Amino acid sequence: MRFFRTTALALAALAATPVTAQHLTLYSGRGETLVAPIIEAFTAETGIDVRVRYGGTAELAILLQEEGDRSPADLFWAQDAAALGAVAGMFMPLPEATLEKVPAAYRDTEGRWIATSGRGRVLAYSTERMSEEEMPATLAELTDPRFRGRLALAPTNGSFLAHVAALRVVEGDEAALEWLRGIRANRPVMVSNNTAMIQAIGDGEADLGVTNNYYLVRFQTAAPDFPVNQRLFPTEGDIGNLLLVAGMGVLTTSDQSAEAVAFIDFLLSDEGQAFFGGDVGEFPVTGAEVPERLDEISLDEVVRMAPEVDLNTISDLEGTLALVREAGLL
Amino acid sequence: MALAEIRAILPGRRMPAARVLFSAIGLGIGALMLLPLYYLLLRAFQADFATVWQLLTRPRTGQMLLNTAALTAGVLALCTVIALPLAWLVSRTDLPGRRVVNFLAVLPLAVPGYVMAFALIGLSGNFGFLNQVFGVTLPRPQGWWGATLALSLYCFPYLYLNLRAAFAGLDQSLEESARALGCTPREVFTRVTLPHLMPALMAGWLVIGLYTIGDFGAVALMRFEVFSYVIYLQYSAAFDRLYAAWLALILIVIALTVVWWESRLRQGVRYARTGSGSGAGPRRVRLGPVGRALGWGFAGLVVLASLGLPVAVLTFWMSLAPIGPILPALVTSFGQSLSVAVPSAALAAAMALPVAVLAVRYPSPLSTLINRLAFVGYAVPALAFALAFVFFSLQGARWLYQTHLLLVTVYALAFLALALGPIRSALYLARPSLEDSARALGHGPLSTFWRVTLPTIRPGVVAGSVLVFVIAMKELPIAFLLAPTGFRPLAITMFSRTSEGMLVEAAPYAAAIIAFSALFVGFVLRHDRKAEG
């Protein structure tokens with residue numbers, strides 16, 4: 001029974017965890033590997049300690065809803081604007097000086113959350129089985145019969161749903177439903193997330209798919225001859241080239257909102273933006289200069305090719321889910 | 001059971017102190033288990049019923065329920081085919097190297113679901129592991145059989161551990177009597193051995209079945225749409241806890257129906273020796289060269305598929321990036337995992353003991369109720385379970401919120417069912433007459449429990465705590481919500497990497513979960529001489 005005695009002691013020790021000094025509490029839906037360096041840089045520069053709770057964006061958004069006005073969090077960092085929209089009611093309005101750093105399309109209309117980095121939707125394709133002539137010119141063209149059985153789709157993925165929401169805003173519900181039905185008719189290979197999509201294309205199960213721009217980079221870093229590449233749809237302003245964001249808000253319940261805003265300002269500084277654009281493989285949202293990228297898609301090109309969609313208009317997730325369900329993709 | 005019957009025919013006698021105490025503890029645990037249900041009802045009634053109805057009456061929902069049933073059946077069948085022969089080989093034959101097999105048969109539990117799924121998927125495809133290393137291409141495992149295979153390969157140890165504890169406690173003189181009475185070996189097995197293994201089989205099936213019903217991760221990677229998918233989508237894509245609460249309630253109804261059937265089947269069973277005379281310890285079947293080869297072949301195949309495969313894939317990923325720089329972080333992370341998993345295992349076993357004693361020694365409507373409630377924590381989807389405790393600790397015990405203590409308690413409650421199975425199975429096979437003798441010799445009920453019952457059922461207690469430990473090492477949704485902020489156990493660190501598609505960076509953490517679980521399981525098995533019997 002020594003085992004039990006030892007654990008009883010351990011339990012007693014754990015119950016007495018000490019309370020520590022002031023610090024910022026950040027709920028991060030973004031992974032530690034990606035964002036820990038920039039958080040450390042913030043602490044090094046300002047001396048403000050940041051305690052991070054890492055988790056899935058959805059889990060943390062739901063946790064915040066459950067915590068309500070008792071939340072210990074000062075900041076919430078989400079993978080997508082939809083999650084920020086879901087908890088926007090708990091955020092305080094950000095100061096004008098902070099909001100001005102990004103274009104209006106990349107922040108909440110009421111100024112409660114702000115984008116910290118951008119990610120482009122791109123077309124990932126097999127370098128072995130996709131010829132230049134076959135490439136679709138627009139997102140709409142993916143419903144063409146020539147892609148039957150060759151398309152990979154991650155219908156539960158947040159970015160996919162955001163993309164459908166944008167399609168609804170731009171083309172209307174009926175056109176969006178028709179597009180979804182066309183995709184369904186092409187019998188896509190259903191995958192669970194963006195990584196699985198790239199993997200499926202690499203493994204030869206599918207030939208193309210629409211994904212976020214920073215996933216492929218990881219595969220290419222691990223294996224330079226990985227048989228997948230990505231590009232933008234060649235039509236300027238096509239909805240396929242949508243720009244999405246990761247973003248952040250400050251909780252109204254925070255007792256350190258000044259420090260929390262300082263953290264956001266740091267992420268939007270040139271140093272912060274260069275970090276996202278360079279190390280993480282995303283895009284800056286402030287127009288800051290970024291280092292050369294691994295893939296051949298430049299920021300200028302992305303900005304030029306992207307459609308103009310206000311992220312505030314794509315928050316109707318229930319409606320989007322209903323549409324995707326109606327099309328039989330969920 | 002004997003005691004309870006004596007009490008029943010001797011009116012006016014007080015209830016045994018042990019029964020009163022255990023009932024009180026059991027009711028306390030039951031009440032804690034009901035908190036999440038209350039919470040889910042609270043949330044569910046905030047939802048718009050018409051939308052719920054629309055969601056549920058789609059033909060697709062029916063298809064998903066059927067898929068869930070098919071998957072559960074497949075996983076239970078495959079797990080039995082793997083675990084039953086393996087437990088028999090280890091417990092009842094002289095197979096050389098059986099202790100190693102025993103150890104290796106438990107470890108697949110430590111394999112994170114996504115690793116198992118990726119390992120199987122990695123076998124196929126032109127960029128898959130097999131093709132990269134050996135130049136072989138196989139069809140991609142997916143759909144029903146892919147999901148069945150992936151889940152079975154890391155769930156079968158639940159059944160194996162239950163069965164091994166049952167084999168170890170099985171009184172062989174019964175089988176000898178059957179043989180002496182002219183039964184063929186097959187008849188001995190089907191008429192004597194198998195019925196005695198039923199409690200263990202059912203206990204194992206129950207936890208595997210409940211796990212399968214609630215699993216999302218491996219199933220999603222295998223592209224098989226089950227009911228849990230609907231819940232997952234409702235909170236992950238719509239950030240909606242109200243409709244997710246409805247769906248979770250439905251999942252719980254399905255799960256509790258399974259629990260109810262299991263406990264009905266268990267009712268009225270009596271497997272322990274009642275007569276005088278000494279029970280015979282296990283006697284091992286001597287295997288000939290062919291039997292030995294077959295035994296090794298089978299065990300080898302199981303170990304290769306369930307452990308060799310994921311380890312090979314992890315090794316392959318780890319070979320792509322140096323491990324040196326992250327070693328200090330890995331060790332810290334391991335320490336944090338341990339500081340939760342060990343107390344959780346101990347607490348779960350401590351909670352399971354009184355509940356199991358009530359079920360086996362003092363059957364009554366109350367003990368049946370307590371035993372069913374004990375499964376609620378395991379049947380409720382982990383995210384809903386954790387949210388309930390977020391809600392209650394914020395309302396009633398702010399100081400407890402996001403502390404180690406709460407995390408450990410919630411783990412113990414969520415995984416109580418895992419510890420309960422082996423302990424209950426062991427108790428069924430422990431002789432009440434021995435306890436009666438202890439009582440006759442002047443020991444009080446608690447002293448009897450501590451000095452006679454507990455040592456007898458030790459293998460079951462050990463097996464139960466190992467199960468909880470291993471699952472607590474890799475658990476995610478509860479840790480996300482309830483761990484102290486800044487606390488980064490192996491599983492959370494691993495998730496942080498996989499969620500961004502960094503499988504290579506996640507590999508060392510997944511490997512560490514398996515390796516450290518292996519160390520712990522090895523340590524416990526070493527100190528548990530009876531389990532080796």
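Note that this is a predicted model, so its numbers are computed, not measured.

Caption draft 1: Quick peek at the overall build of chain A. When helices and strands are counted, chain A shows 13 helices and nine strands. Scaling as 2.2 N^0.38, a compact globule of 330 residues should have a C-alpha radius of gyration of about 20 Å, and chain A matches this with 21 Å. For chain A, the spread of C-alpha atoms along the principal axes amounts to about 65 × 60 × 40 Å. Residues counted as buried form 52% of the 330 residues belonging to chain A. Considering only contacts in chain A between residues 6 or more positions apart, those separated by 24 or more positions represent 76%.

Caption draft 2: A look at the overall build of chain B. Along its length, chain B carries 27 helices and zero strands. Each of the 533 residues in chain B was classed as buried or not, and the buried ones make up 55%. Of the contacts formed within chain B by residues at least 6 apart in sequence, a portion of 83% connects residues at least 24 apart.

Caption draft 3: Structural view of the confidence of the model for chain A. Residue-level pLDDT values for chain A average 88, and 92% of them are 70 or greater. Taken as a whole, residues 9-20 of chain A scores under 50 in pLDDT and shows 14 contacts with residues more than four places along the chain or in a different chain.

Caption draft 4: Local environment of unusual backbone geometry. In this model, arginine 187 of chain A sits at a positive phi of 45 degrees, which is unusual for a non-glycine residue. Note that arginine 187 of chain A resides in the loop between helix H7 (173-185) and strand S6 (189-190). By the C-beta count within 10 Å, which is 13 here, arginine 187 of chain A ends up partly exposed. One non-glycine residue, arginine 223 of chain B, lies in the positive phi region at around 60 degrees. Inspection of the secondary structure assignment puts arginine 223 of chain B in the loop between helix H11 (217-221) and helix H12 (227-236).

Caption draft 5: Region of interest: the interface of chain A and chain B. Of the residues lining the interface, 50 residues belong to chain A; the matching set on chain B comes to 47 residues. When residues in the side of chain A that touches chain B are grouped by element, the largest group, eight residues, is from helix H3 (residues 57-67) of chain A. Within the side of chain A that touches chain B, the residues separate by chemical class into 24 nonpolar, 15 polar and 11 charged.

Caption draft 6: Examining the domain arrangement of chain A more closely. Residues and elements named next belong to chain A. Taken domain by domain, chain A comprises domain 1 (2-118 + 245-297) and domain 2 (119-242 + 311-326). Its C-alpha centre places domain 1 at a distance of 28 Å from the equivalent point of domain 2. Contacts between the two partners involve 18 residues from domain 1, matched on the other side by 18 residues from domain 2. At three residues, helix H4 (residues 81-86) tops the list of elements feeding residues into the side of domain 1 that touches domain 2.

Caption draft 7: Structural detail: helix H8 (residues 194-202) of chain A. Residues and elements named next belong to chain A. Buried residues dominate H8, accounting for nine of its nine residues. Along H8, the residues that are buried comprise Asn194, Thr195, Ala196, Met197, Ile198, Gln199, Ala200, Ile201 and Gly202. Glycine 204 sits one or two residues past H8 and shows a positive phi near 90 degrees.

Caption draft 8: Quick peek at the nonpolar core. Residues Phe415 and Leu416 of chain B are the most contacted members of the largest nonpolar core, which totals 304 residues. Counting only domains with at least three residues in this core, you end up with domain 1 (2-118 + 245-297) and domain 2 (119-242 + 311-326) of chain A. The contact partners of leucine 416 of chain B, leaving out residues within four places of it in the chain, are Ala348, Met351, Ala352, Ala374, Gly377 and Tyr378 of chain B.

Caption draft 9: Broad picture of the environment of glutamate 40 of chain A. Residue and element names in this part refer to chain A. Structurally, glutamate 40 is set in helix H2 (residues 32-46). Glutamate 40 gets classed as exposed once you count the C-beta atoms within 10 Å, which come to 11. Taking the C-alpha atoms as reference, glutamate 40 lies 8.3 Å from valine 50; in sequence the two are 10 residues apart.

Caption draft 10: Examining helix H11 (residues 270-280) of chain A more closely. For H11 of chain A, the complete set of buried residues consists of Gly272, Gln273, Phe275, Phe276, Gly277 and Val280 of chain A. Remark: glycine 281 of chain A follows H11 of chain A within two positions and exhibits a positive phi of approximately 85 degrees.

Caption draft 11: The arrangement of the pairing of strand S2 (residues 50-54) of chain A in detail. Residue and element names in this part refer to chain A. In terms of burial, S2 is largely enclosed, as four of its five residues are buried. Where strand S1 (residues 24-28) and S2 come together, five bridges link them in parallel fashion. Within S2, the residue paired with threonine 25 across the bridge is arginine 51. Handedness of the S1-H2-S2 crossover: right-handed.

Caption draft 12: Summary view of the packing of helix H15 (residues 327-361) of chain B against helix H26 (residues 503-526) of chain B. Residues and elements named next belong to chain B. Relative orientation of the contacting elements H15 and H26 amounts to 50 degrees, with a least axis distance of 11 Å. The angle between the axes of H15 and H26 places the two elements in the oblique class. As for the relative orientation of H15 and H26, their crossing is right-handed in sense. For the pair H15 and H26, the contacting residues are Leu330, Ser333 and Phe334 in the first and Pro508, Tyr509, Ala512 and Phe516 in the second. Its residues assigned to classes, the contact of H15 with H26 shows six nonpolar, one polar and no charged.

Caption draft 13: Examining the pairing of strand S9 (residues 243-250) of chain A more closely. All names here are of chain A. Burial analysis of S9 places eight of its eight residues in the buried class, the great majority of the element. Residues Leu243, Val245, Gly247 and Gly249 line one face of S9 and the alternating positions Leu244, Ala246, Met248 and Val250 line the opposite face, and both faces are buried. Taken together, the four bridges between strand S3 (residues 75-78) and S9 define a ladder with antiparallel strand orientation. In the sheet register, tryptophan 77 faces S9, and the bridge partner there is methionine 248. Examined bridge by bridge, strand S4 (residues 113-126) and S9 share seven bridges and lie antiparallel to one another. The residue of S9 that forms the bridge with glycine 118 is valine 245.

Caption draft 14: Representation of the environment of tryptophan 145 of chain B in the model. All names here are of chain B. Residue position: tryptophan 145 is located in helix H8 (residues 143-169). Look at tryptophan 145 and you get partly exposed, because 14 C-beta atoms sit within 10 Å. Sequence spacing of tryptophan 145 and leucine 400 is 255 residues, and the spatial spacing of their C-alpha atoms is 43 Å.

Caption draft 15: Broad picture of the packing of helix H4 (residues 59-92) of chain B against H12 of chain B. Residue and element names in this part refer to chain B. It is at 7 Å that the axes of H4 and H12 come closest, and there the two elements cross at 125 degrees. Comparing the axis directions of H4 and H12 gives the class oblique. Note on element contacts: H12 touches H4 through Phe227, Tyr229 and Val230, opposite Thr61, Met64, Leu65 and Thr68. Grouping the amino acids of the contact of H4 with H12 by side-chain chemistry returns five nonpolar, two polar and no charged.

Caption draft 16: Structural detail: the environment of glycine 442 of chain B. Residues and elements named next belong to chain B. With respect to the helices and strands, glycine 442 occurs in the loop between helix H21 (432-440) and helix H22 (445-456). A tally of 8 C-beta atoms within 10 Å means that glycine 442 is categorised as exposed. Spatially, the C-alpha atoms of glycine 442 and serine 393 are 44 Å apart, while their sequence positions differ by 49 residues.

The rules behind the values
- Residues numbered from 1 in each chain as written.
- Chains lettered and ligands numbered in written order.
- Predicted model: local features only at pLDDT ≥ 70, side-chain atom pairs only at ≥ 80, totals over all residues.
- Helix = DSSP H or I, 4+ residues; strand = E, 2+ residues; numbered from the N terminus.
- Rg over C-alpha atoms; globule rule 2.2 N^0.38 Å.
- Buried ≥ 20, exposed ≤ 12 C-beta atoms within 10 Å, placed from the backbone.
- Contact = placed C-beta atoms within 7 Å.
- pLDDT = per-residue confidence, 0-100.
- Nonpolar A, V, L, I, M, F, W, Y, C, P; charged D, E, K, R; others polar.
- Domains from an automatic or database assignment.
- Core = buried A, V, L, I, M, F, W, Y, C linked by C-beta atoms within 7 Å.
- Pairing = 2+ DSSP bridges.
- Right-handed = clockwise from strand over helix to strand, strands pointing away.
- Axes fitted to C-alpha atoms, helices over the stretch in contact; angles between N-to-C directions.
- Parallel < 35°, antiparallel > 145°, perpendicular 65-115°, else oblique.
- Left-handed = near helix turned anticlockwise from the far one by under 90°.

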